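Read off the chains here:
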Amino acid sequence: TRSNSFEDAHRWVEIMAEMGVHPDATTSLSIVEAIFKSGAFSQVRDWVLSMDKMNTPISVDIYALALDACAREGDINQMANWMKKMNGKGIKPTKCMYRSMLQAYSRAHMVEQAERVIKSMEEAEIKPNANAYAQLISCCCATGEVR
């Protein structure tokens, strides 16, 4: 692969937009998945931000990848921004999204936020599993907030 392949892809999408041709949901998801699988997590975030600026529809699957990419990069602020955008559009977080948020908050030793994720899961009637509680417990232990 060439070093500028992401830039090339972005350029082609911009050319399409200038011509009035917009990527459909399947095309957009394929692009974001390919970037995610390459491990270029910051570029996933950048790509989805550019999609948002171009008013390209962002599916729940793309939001899930964007949240996971932010979690892996430790970009808590952008992760929170994506959640606000989703909430504003009436998109409910999935179990995978909650997992990503828990992992990010656990790595950042943000106990209160991790606890809120567990509560949000329960309120959304998504039963936290043992791994979710393990993330929370790990976070508590790391900060010394074992109660």
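Okay, so let's go over this structure. Small disclaimer: the values here were computed from a predicted structure and weren't measured. (Residues numbered from 1 in each chain as written. Predicted model: local features only at pLDDT ≥ 70, side-chain atom pairs only at ≥ 80, totals over all residues. Heavy atoms only, no water.)

**Comments concerning the pattern of salt bridges**
Our working rule: Salt bridge criterion: a side-chain nitrogen from Lys or Arg within 4 Å of a carboxyl oxygen from Asp or Glu. The helix and strand labels rest on DSSP assignments: H or I over at least four residues marks a helix, E over at least two residues marks a strand, and numbering proceeds from the N terminus. The classification of residues rests on relative accessible area computed with a 1.4 Å probe and restricted to protein chains. Under 20% of the type maximum is buried, over 50% is exposed, and intermediate values are partly exposed.
Summed over the entire model, instances satisfying the criterion amount to five salt bridges. We note a salt bridge from Lys-85 to Asp-52, for which the minimum N-O separation is 3.0 Å. With a gap of 33 residues between them, Lys-85 in helix H5 (residues 76-88) and Asp-52 in helix H3 (residues 41-53) connect regions that are remote in the sequence. Classification of Lys-85 by relative accessible area gives partly exposed; the value is 33%. Across the pair Asp-68 and Arg-72 runs a salt bridge whose closest N-O atoms are separated by 3.3 Å. Of this pair, Asp-68 and Arg-72 both sit in helix H4 (residues 60-73), separated by four residues, roughly a single helical turn. One network of salt bridges, with partners in common, ties together Arg-45, Asp-46 and Asp-75.

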